[in-house]
Amino acid sequence: MTRTLAAAADRFFDSMIRTNRSEKDYEHLCRPNLRSIWPDQFDGGNARLAADLSLLHEQARTTGELAEAIGGLHSGLRLSPGGGA
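Rules used in this analysis
Residues numbered from 1 in each chain as written. Predicted model: local features only at pLDDT ≥ 70, side-chain atom pairs only at ≥ 80, totals over all residues. Heavy atoms only, no water. Helix = DSSP H or I, 4+ residues; strand = E, 2+ residues; numbered from the N terminus. Buried < 20%, exposed > 50% of the residue type's maximum accessible area, 1.4 Å probe, protein only. Areas by Shrake-Rupley, 256 points an atom, 1.4 Å probe, with all protein chains shown as cover. Patch = residues over 30% accessible without salt bridge, like charges linked within 9 Å, V, L, I, M, F, W, Y side chains within 5 Å. Salt bridge = Lys/Arg side-chain N within 4 Å of Asp/Glu carboxyl O. Expected span 1.5 Å × (residues − 1). Bend = angle between axes of the 7 residues up to and from the residue.

Attention now moves to the overall build of the protein chain. For the protein chain, the count of helices and strands is three helices and zero strands. Listed N to C, the secondary structure of the protein chain is α-α-α in terms of helices and strands. Within the protein chain, the fraction of its 85 residues that count as buried is 2%. Accessible surface computed for the protein chain: about 8,000 Å², of which carbon and sulfur atoms make up 61%.

See below:
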């Protein structure tokens, strides 16, 4: 009986918990409780704002890196005043 229960538990962990969706499933399961316990922290507004600010910060960093790369390329170019070669 113990071996059967252990095998069933192992099968459960393999099929349910050790998947790529386990974190999303956990968030989905806990979301209503998080909102009821801490409504001002998990109502979606603060989390959405934090995610948007994080994305904005990443885009600003990428834009700065691209601007530096373009600036380096621009300094090596010699353009003629007439536009011809």
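Structure shown, so let's carry the discussion forward.
Moving on: a nonpolar patch on the surface. Together, Ile 37, Trp 38 and Phe 42 make up an exposed nonpolar region whose accessible area comes to about 310 Å². Within the secondary structure layout, Phe 42 lies in the loop between helix 2 (22-37) and helix 3 (45-75). For Phe 42, a relative accessible area of 35% corresponds to the partly exposed category.

Look at helix 2: 22 Å from first C-alpha to last across 16 residues, which is about the 22 Å you get at 1.5 Å a residue. Cys 30 marks the point of greatest bend in helix 2, at about 45°, and the proline Pro 32 comes within the next four residues. Within helix 2, only one of the 16 residues are buried, which leaves the element largely exposed.

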